[in-house]
Amino acid sequence: MIEASPIALLLVNHEEKIIYLNNFAVQIFSFEKKELTGQKLTKLVPDIYNIKPPDFWESYFARPTTLRLGESNELTATTKSGKKFPIEIRMSPIVTDQTVCTLVTINNIPKLVKANEQIRLVVESAPNAMILTDSSGKISMVNKQTEVLFGYNRDELIGKKIEILVPQRMKKHHPEHRKNFYTHPVARPMGAGRDLYGVKRDGTEIPVEIGLNPVEKDGDQFVLASVIDITERKKNEEAIKLYAKQIEDKNKELEDFTNIASHDLREPLNSIISLTELLMLKKSDNLDEEGMKMLDYISKSSSRMSEMIIGLLEYARLGDSKELVLTDLNELIKIVLLDLDSSVKEANAEIQVEKLPTLHVYAIEMKSLFQNIISNALKYKKKDVSLKISIVAKPVKEGWVFGVSDNGIGIPEAQKEKIFNLFHRLHRKNEYDGTGIGLAHCRKITELHNGKIWVESELGNGSTFYFFIPAKLAQNKKYNYLK
Ligand code: ADP
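The structure presented is a predicted model; accordingly, all values stated were derived computationally and were not measured.

Asker: Would you take a moment to explain the site of the ligand for this structure?
Answerer: Close to the ligand lie 21 residues; Asn376, Tyr380, Asp406, Arg425 and Leu439 are nearest. One nitrogen or oxygen atom from the side chain of Asn376 is found 2.8 Å from an oxygen atom belonging to the ligand. In isolation the ligand has 530 Å² of accessible area, and contact with the protein removes 98% of it. Breaking the shell around the ligand down by element, the ones donating at least two residues are α14 (363-379), α15 (438-448) and β19 (463-470). For the shell around the ligand, the residue count by class is nine nonpolar, nine polar and three charged.

In structure tokens form, the structure reads like this:
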């Protein structure tokens with residue numbers, strides 16, 4: 001029986017050596033029987049070690065069991081002439097008092113069957129539910145994940161209409177959607193823009209995302225639907241929406257607060273300023289030198305506070321209902337430098353401007369951005385070195401990086417991020433005048449453009465302020481939160 005069997009049978013001992021093989025094995029490998037007897041099995045199946053570790057035989061014979069190889073992996077056998085063909089192996093241990101052997105059955109698997117088997121395995125183990133339906137909407141195949149997701153056994157689904165998985169309220173139109181798919185059968189997501197739901201065996205609904213793929217099989221048109229449960233994603237989306245709404249409300253609150261606070265603060269402050277001036281003007285005779293000094297101090301401090309409040313207000317209103325305008329930045333820089341002309345002359349600065357691009361920007365804000373950075377470069381100059389400023393622009397992926405370099409006093413490493421915070425200053429007012437709002441303004445302007453700003457600097461050796469502006473800017477939503 002064994003000799004007549006149409007299956008290749010080999011007996012392999014614990015040294016991995018073939019001690020017996022039947023006629024069919026001899027035939028398919030085209031060796032003489034005696035050429036194979038005593039040879040290792042790997043002579044016929046050399047790529048066994050592609051799927052098994054080097055100590056495979058040792059560990060196999062230590063605990064011999066029934067084993068299948070090549071079922072889910074590529075495994076080939078080699079004939080005497082070197083021809084390879086796909087196989088599947090089964091090993092069944094034969095244990096006697098004296099020896100342990102294994103009976104090896106080799107099945108020659110046609111390539112297509114093998115490929116199909118592999119596809120089946122991939123589909124079966126896919127993390128998505130996969131459902132194959134025929135042109136009448138009848139389910140002809142489902143994978144493991146479909147059973148898990150919908151709570152049915154596959155034999156409860158096969159042969160049923162796909163509508164078994166569609167919620168009642170959507171069932172009516174589903175056959176129509178199905179038919180429409182066949183009029184233009186291309187791989188596409190299902191229900192563009194619509195929220196899709198599936199229904200489980202117990203009646204609960206689950207939000208799903210579905211991909212449809214046309215498949216032709218045996219002359220019939222099938223559809224392979226891949227279904228993902230998006231319950232978690234939906235939950236996250238809801239949470240994000242809620243969070244965005246909360247932020248929007250908070251921003252509105254902050255905006256109102258800034259407006260009211262700034263407005264309300266300015267009024268008494270203006271009274272203090274004018275009263276101090278009046279006092280200095282009219283009652284100076286009644287005051288001694290110290291009193292006048294104090295009044296002067298009050299006047300300067302309140303003017304400074306007024307400047308800060310105005311700055312804060314401008315900061316809060318930045319980007320309020322502005323439009324993106326195609327702007328030639330070369331022209332914009334010319335205007336900025338004209339505005340700063342007296343400071344440029346005073347600092348005796350040499351300013352070089354490279355050719356700049358024309359971009360869609362919030363023009364007033366962009367002008368303010370350049371103005372702040374250039375006026376800082378003019379302000380934070382070294383006393384004994386003639387000031388050089390250069391303005392450059394470099395195209396990068398998705399936009400432009402601008403750089404404004406100076407050879408001024410530089411910025412300590414530890415301060416390179418902090419200087420962009422509101423009211424953060426590194427010097428006292430009597431050293432360098434300022435409010436500490438300028439760079440916070442700049443950061444907000446770059447963010448308004450979906451860009452960013454940063455500085456590279458060495459203390460005592462100048463600074464370069466860089467900012468990135470995307471080339472394609474979508475009209476931004478009203479942007480008016482306080483940082
Ligand atoms: P302000 O200039 O009103 O103080 P900014 O927000 O414009 O406020 O700048 C914050 C701080 O960053 C400044 O106080 C200064 O210490 C530092 N800074 C800004 N630009 C430069 C520069 N070009 N060189 C050196 N330090 C600078």
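Asker: Can you help me understand the packing of aromatic side chains in this one?
Answerer: In this description, a pair of aromatic rings is defined by centroid distance and the angle of the planes. Tallying each qualifying case throughout the model produces 13 aromatic pairs. Between Phe402 and Phe467 the ring centres are 5.1 Å apart and the planes differ by 15°, which places this aromatic pair in the stacked class. Of this pair, Phe402 sits in strand β17 (residues 399-406) while Phe467 sits in strand β19; the two residues are 65 residues apart in sequence, bridging distant segments of the chain. Accessibility expressed as a relative area gives 0% for Phe467, which makes it buried. An aromatic cluster of at least three residues, connected via ring pairs, comprises Phe56, Trp57, Tyr60 and Phe61. Just above the ring of Tyr315 sits the side chain of Lys444; from NZ or CZ to the centre is 4.4 Å. Its end group placed over the ring of Trp454, Lys452 keeps NZ or CZ at 5.2 Å from the ring centre.

Asker: Sorry if this is basic, but what is going on with the packing of helix α10 (residues 231-282) against helix α11 (residues 289-317) here?
Answerer: Axes are the key here: two packed helices are described by the angle between their axes and the distance separating the axes. Relative orientation of the contacting elements α10 and α11 amounts to 155°, with a least axis distance of 9 Å. In terms of axis orientation, α10 runs roughly antiparallel to α11. In this structure, α10 crosses over α11, and the sense of that crossing is left-handed.

Asker: Honestly, the environment of Cys442 in this entry has me stumped. Any pointers?
Answerer: Following the sequence through the fold, Cys442 ends up in helix α15. Sequence separation between Cys442 and Glu365 is 77 residues, and the spatial gap between their C-alpha atoms is 8.6 Å. Leaving out residues up to four positions away in the same chain, Cys442 has contacts with Leu369, Asn372, Ile373 and Ile453.

Asker: How should I be thinking about the pairing of strand β18 (residues 452-457) in this particular structure?
Answerer: One face of the sheet, then the other: side chains in a regular strand alternate in exactly this way. What you see with β18 is a clean split: Ile453, Val455 and Ser457 sit on the buried side and Lys452, Trp454 and Glu456 on the side with no burial. Alignment of β18 against β19, held across six bridges, turns out to be antiparallel. If you follow Lys452 over to β19, its bridge partner there is Phe468. The loop that links β18 with its antiparallel partner β19 comprises five residues; one of these, Gly460, has a positive phi angle of about 90°.

Asker: What is the right way to look at unusual backbone geometry in this model?
Answerer: In terms of backbone geometry, most residues other than glycine have negative phi values and most peptide bonds are trans. Located in the positive-phi region is Glu16, a residue other than glycine, with phi close to 75°. Mapped onto the secondary structure, Glu16 falls in the loop between β1 (8-13) and β2 (18-21). The phi angle at Ser30 is positive, at roughly 60°, despite the residue not being glycine. Among the secondary structure elements, Ser30 is positioned in the loop between α1 (23-29) and α2 (33-36).

Basis of the calculations
- Residues numbered from 1 in each chain as written.
- Predicted model: local features only at pLDDT ≥ 70, side-chain atom pairs only at ≥ 80, totals over all residues.
- Heavy atoms only, no water.
- Near = heavy atom within 4 Å.
- Polar contact = N/O pair within 3.5 Å; in protein donor to acceptor, adjacent residues only side chain to side chain.
- Areas by Shrake-Rupley, 256 points an atom, 1.4 Å probe, with all protein chains shown as cover.
- Helix = DSSP H or I, 4+ residues; strand = E, 2+ residues; numbered from the N terminus.
- Nonpolar A, V, L, I, M, F, W, Y, C, P; charged D, E, K, R; others polar.
- Phe/Tyr/Trp six-rings, centres within 6.5 Å; stacked < 30°, edge-to-face > 60°.
- Buried < 20%, exposed > 50% of the residue type's maximum accessible area, 1.4 Å probe, protein only.
- Lys NZ or Arg CZ within 6 Å of the ring centre and 35° of its normal.
- Axes fitted to C-alpha atoms, helices over the stretch in contact; angles between N-to-C directions.
- Parallel < 35°, antiparallel > 145°, perpendicular 65-115°, else oblique.
- Left-handed = near helix turned anticlockwise from the far one by under 90°.
- Contact = heavy atoms within 4.5 Å.
- Pairing = 2+ DSSP bridges.

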